[in-house]
Amino acid sequence: MKSRVLVTQLSSRTSSIRTVLSILLLNRCNVRSFSIRPTAHVRFTNSRTHSIAHSKRVPILRSSSSSTPNSNMSEQTLVDTASSYCASHGILMGARSPTTGLPLPQPYVYEPAPFSLHPTPFPRDVFEKCYEMTPVFNGVVHTMCKGWGVDKVGEGGGGWLKESVRTAAEGDAEFTGRLVSLATEVMERGRTQRVVLGILRSDYMLHNPATTSSTDEEDNEEEDLHESIPLQVELNTIASSFGCLSSKITRLHQTLYPGLHNEEGDLPVNEAGENIATGLALAVQEFVRQKVEANNRDTVEPVVVMVVQPGETNSCDQRDLEFLLQSKHNVRLIRRTLHDLATTSLPTNDRHELLLPDGDDGSSTVTAAVVYYRAGYTPDDYPSDV
């Protein structure tokens, strides 16, 4: 039998990612880039199953000392225990109305995030291949972003990328077209920051082109699993979510299935949240290094600015990064909407920094060392021209 690992799943409500916006936000550097590889910030989806707690089609682990639930719990007990774990460990989403599906108007009302009750069997060699390909894909995306065109100081690549999205811009002039125009304006004006941090997430589905002849359903499932190949269905370059919640889901499964957290790594350690926080902290350090190198020693506090949507239901995943940055790196993260940035940002300095009022009364000022977008990928994020 071929070796396999088990991967955790976190179901998500996703919006389409607009390629041009990703280009606009990432196309800021061709000198140096950070490549932070999260341990398991790769979302796997089994095309034959649903990743929700009560789904009976999620593959249940084979009975053995290492794969049975803690204390041989019944399925209902597992659901109850897992839901309690989610509540006590912040695996939560903002509650939605059961009738309309819209977020509730009251803040800080939460419900357990959709999750898989059982970790999903996944071929070990396929998992390791996807893991090893992560920095390669990251490099490809970074290189592609340099293909928008040459800026006014002669840096950048050819204009093939701009040309490749021209048809989409013409067909969606109000959103994609305006993003293309903005990206072109940025390139023509010249970028002031030449270092970029990419926080990317690859999504895969297992695909098995072969058919099996066995009449044994369990044999078929085992054979299908190990004959499958990974197909990348999406590579998120903006607002890549669930880095923190997916790490917690791994710990949930380690609690429900204690025998799987072993030396063989049957349930791999998932440090995606901590690694993303480390990447943001390193980017802040680079910002500070640049200022020192330029002999600029002002006392304005550098912070991470997370751009969020109003009424965000995934705030727990986002704020975990805020708390990780503060506790492990002594770096502050503040949350602002696009409207906040458009209406409250202060006049910039000669270094073209993004300066923002801080504090309840706005009496102090901070500078954006890193702008981390968790919004801006849908037309709904731009209700006006402000």
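Each value, and the rule that gives it
- Residues numbered from 1 in each chain as written.
- Predicted model: local features only at pLDDT ≥ 70, side-chain atom pairs only at ≥ 80, totals over all residues.
- Heavy atoms only, no water.
- Core = buried A, V, L, I, M, F, W, Y, C linked by side-chain atoms within 4.5 Å.
- Buried < 20%, exposed > 50% of the residue type's maximum accessible area, 1.4 Å probe, protein only.
- Helix = DSSP H or I, 4+ residues; strand = E, 2+ residues; numbered from the N terminus.
- Expected span 1.5 Å × (residues − 1).
- Arc of directions from axis to C-beta.
- Contact = heavy atoms within 4.5 Å.
- Salt bridge = Lys/Arg side-chain N within 4 Å of Asp/Glu carboxyl O.
- Axes fitted to C-alpha atoms, helices over the stretch in contact; angles between N-to-C directions.
- Parallel < 35°, antiparallel > 145°, perpendicular 65-115°, else oblique.
- Left-handed = near helix turned anticlockwise from the far one by under 90°.
- Polar contact = N/O pair within 3.5 Å; in protein donor to acceptor, adjacent residues only side chain to side chain.

Q: Lay out the nonpolar core in plain terms, naming residues and giving numbers.
A: The biggest cluster of nonpolar side chains holds 21 residues, and the ones touching the most others in it are Leu280, Val304, Leu321, Leu325, Val370 and Tyr372. For this core, the secondary-structure elements that each account for two or more residues are helix 9 (272-293), strand 10 (301-308), helix 10 (315-329) and strand 13 (364-373). Among the elements that take part in this core, helix 9 stands out by supplying seven residues, more than any other. One finds Ala82, Tyr85, Ile91 and Ala113 within the second-largest nonpolar core, a separate group that totals 16 residues.

Q: Give me helix 2 (residues 75-89): which residues, what numbers.
A: Counted at 1.5 Å a residue, the expected span for helix 2 with its 15 residues is 21 Å, and the 21 Å between its end C-alpha atoms agrees. Listed in full, the buried residues belonging to helix 2 are Leu78, Val79, Ala82, Tyr85 and Cys86. On an axial view of helix 2, the arc spanned by its buried residues comes to 130°, and they lie on one face. Contacts made by the buried residues of helix 2 are with strand 4 (92-94), strand 5 (110-112) and helix 8 (243-256). A positive phi of about 75° marks Gly90, the residue just after helix 2.

Q: Tell me about the pattern of salt bridges, and name the residues and values.
A: Applying the stated criterion across every chain yields a total of 14 salt bridges. One salt-bridge network, held together by shared partners, links Glu163, Arg166 and Glu170.

Q: Pulling in residues and values, what's your account of the packing of helix 9 against helix 10?
A: Interaxial distance between helix 9 and helix 10 falls to 9 Å at its minimum, and their mutual angle equals 65°. Of the possible angle classes, the one that applies to helix 9 and helix 10 is roughly perpendicular. Crossing of helix 9 over helix 10 shows right-handed handedness. Touching Gly273, Glu274, Ile276, Ala277, Thr278, Leu280 and Ala281 of helix 9 are Leu321, Leu324, Leu325, Lys328 and His329, all from helix 10.

Q: Can you break down the side chain of Thr176 residue by residue, with the values?
A: Relative to the helices and strands, Thr176 resides in helix 6 (residues 173-189). Classification of Thr176 as buried rests on a relative accessible area of 6%. Within the structure, the side chain of Thr176 is placed 2.8 Å from the side chain of Asp172, a separation counted as a polar contact.

Q: Pulling in residues and values, what's your account of unusual backbone geometry?
A: Not every positive phi belongs to a glycine, and Ala239 is a case in point at roughly 55°. Note that Ala239 resides in the loop between strand 9 (229-236) and helix 8.

Geometric descriptors of this kind do not, in isolation, establish any biological role.
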